[in-house]
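# Tertiary structure, described
Below, each chain spelled out in residue letters.
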Amino acid sequence: MHIPTLIEHKRDGGVLSSGDIRHVIDAFTRGDMPEYQMSALAMAIYFRGMTPEETAALTEAMLHSGTMLLWNDHDPMRVDKHSTGGIGDKTSLILAPLLACDNVWVPMISGRGLGITGGTLDKLESIPGFRTQLNEVEIHNVIDRIGCVMVGQTAGICPADKKLYALRDVTGTVPSIPLITASIMSKKLAEGLNRLVLDVKWGSGAFMKTEADAHHLAQSLVTVGQAMGVRSSVRLSAMNEPTGESAGNALEVAECVRCLKGEGPQDLEDIVLDLASAVSISPRAELRAMLHRGEAWLKFQKMVQAQGGNVETLEKMTSVHRAPFIGELKATASGTLTKMDAGGIGQAVLELGAGRSKAADPIDYAVGCDQIAKTGTQVQAGDVLLRVHARTKGALFRTLDLLPHSIEIV
Ligand code: URA
């Protein structure tokens, strides 16, 4: 197959066969297709799109570019969740151990934060000693003993996605629904799942800005999941205010510990229970009871220990990582809090140093915001709307000056 001809065919609106797609992905993974040709093809896909069949073929080719987690017939059912990310989205840390209490296995492969949305691996790595880079033998070992594991993509899983995502990131081809679908689903399918729930968010603090785009992405993800034999469902939600009450790595782990003990916050617990019950054996009420009996908290501690993390630090994350400057943002008027803009808060948290603009940027686990008030709350002038944790006095004052633009009281 002549690769320039395939690129021209897609550029002119043609449909690629599954054989063409497999050939391209194999050649690209082996290093036989240069990056300039793959960039051109990605741009052609960005403008021309792909049919559901092409998207499924691309997902399958990327999945088979590497290894998969293999399971035995008598192993428990494997389930997982994928979130398209948002501000303060920390649900994975609660959901994985909770589901593991329900006699299913959760082999969760997660990513790092990029841009304003945080990443599960970064949050977990704020726990001293916690290892997110396990090999496949270690992954199986933790799953066998605990029932859940939370790791990064291994070298063997979906190498085509690793190479292609790096290229898309610098060629303006990330926001393409078929390319996003194949990227997300190839990694999730490599986990060898039976059930998957997709948490697709839209709004100022999400990757997808409009509900229509989020709906379109959700449909594409579910179609591919079902085509590949995984029972897939979706929860579509707005990300206009942060999830829970904190944004920033160690601050979010501290909030997860509270939620794992059944101490809320309510919106976070509700999202976890909605998502978990889409893939669990037990109904939502039973999952809630497990959470409130402290079973998921115990399971989380076991998983942290199995992955090298120091369990002793979990209840003091905010002193293990204490930002030198903490300031309060107070309401200047009384009324109803109508806006706590996730996009604005995410940008502030990124600029404080909690996230990355480029994949190689270091991150600061201590910084971020907590005690973030929820919209709909009645506030009095002088009430604390959130706290800012900063590395320098300058960063603290800059953030306290900027954040009022993201908040509205009427
Ligand atoms: N997350 C991924 O893993 N891939 C994409 O293409 C976009 C978000």
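Residues numbered from 1 in each chain as written. Predicted model: local features only at pLDDT ≥ 70, side-chain atom pairs only at ≥ 80, totals over all residues. Heavy atoms only, no water.

### Here we look at the overall build of the protein
Within the protein one finds 17 helices and eleven strands. Over its C-alpha atoms the protein spans a radius of gyration of 21 Å, differing by no more than 12% from the 22 Å that the globule rule assigns to 410 residues. Residue pairs at least 24 apart in sequence account for 76% of intrachain contacts in the protein once pairs closer than 6 positions are excluded. Of the roughly 16,600 Å² of accessible surface on the protein, 52% is carried by carbon and sulfur atoms. Between the averaged position of the 40 positive side-chain charges in the protein and that of its 47 negative side-chain charges there is a distance of 3 Å. (Helix = DSSP H or I, 4+ residues; strand = E, 2+ residues; numbered from the N terminus. Rg over C-alpha atoms; globule rule 2.2 N^0.38 Å. Contact = heavy atoms within 4.5 Å. Areas by Shrake-Rupley, 256 points an atom, 1.4 Å probe, with all protein chains shown as cover. Lys, Arg positive; Asp, Glu negative; His and termini not counted. Charge placed at Lys NZ, Arg CZ, Asp CG, Glu CD.)

### Some details on the nonpolar core
Among the nonpolar cores identified, the biggest contains 76 residues, and I94, L98, L99, I127, M185 and F300 are the most heavily contacted of them. If we ignore the near neighbours within four places in the chain, the residues touching M185 are T59, L196, L198, L221, V224 and G225. (Core = buried A, V, L, I, M, F, W, Y, C linked by side-chain atoms within 4.5 Å. Buried < 20%, exposed > 50% of the residue type's maximum accessible area, 1.4 Å probe, protein only.)

### Digging into the pattern of salt bridges
Considering all chains together, one arrives at 24 salt bridges under this definition. The partner of R288 in a salt bridge is E269, with the nearest N and O atoms 3.4 Å apart. One end of the pair, R288, is in helix α13 (residues 284-292); the other, E269, is in helix α12 (residues 266-277), and 19 residues separate them in sequence. We classify R288 as partly exposed; its relative accessible area is 39%. The class of E269 is buried, set by a relative accessible area of 2%. A salt bridge links E286 to R293; its shortest N-O distance comes to 3.2 Å. By relative accessible area, E286 is classed as partly exposed at 31%. (Salt bridge = Lys/Arg side-chain N within 4 Å of Asp/Glu carboxyl O.)

### Topic: helix α2 (residues 18-30)
Between its terminal C-alpha atoms α2 stretches 18 Å, which fits the 18 Å expected from 13 residues at 1.5 Å a residue. Buried within α2 we find D20, I21, V24, I25, A27 and F28. Projected down its long axis, α2 shows its buried positions confined to an angular sector of 165°, all on one face. Contacts made by the buried residues of α2 are with α1 (3-11), α3 (35-48), α4 (52-63) and α8 (159-169). (Expected span 1.5 Å × (residues − 1). Arc of directions from axis to C-beta.)

### Some details on the sheet that holds strand β5 (residues 231-238)
The strand order β1-β4-β5 describes an open sheet built from three strands, whose pairing is parallel. Of all the strands in the sheet, the pair left with one neighbour each is β1 (79-83) and β5. Across this sheet, the average inter-strand angle for adjacent strands is 15°, counted without regard to direction. Pairing of strand β4 (residues 195-202) with β5, which is carried by eight bridges, proceeds in the parallel orientation. Looking at the pairing, L198 lines up with V234 of β5. Against the sheet, helix α10 (residues 211-227) touches β4 and β5, its axis set at about 170° to β5. (Pairing = 2+ DSSP bridges. Axes fitted to C-alpha atoms, helices over the stretch in contact; angles between N-to-C directions.)

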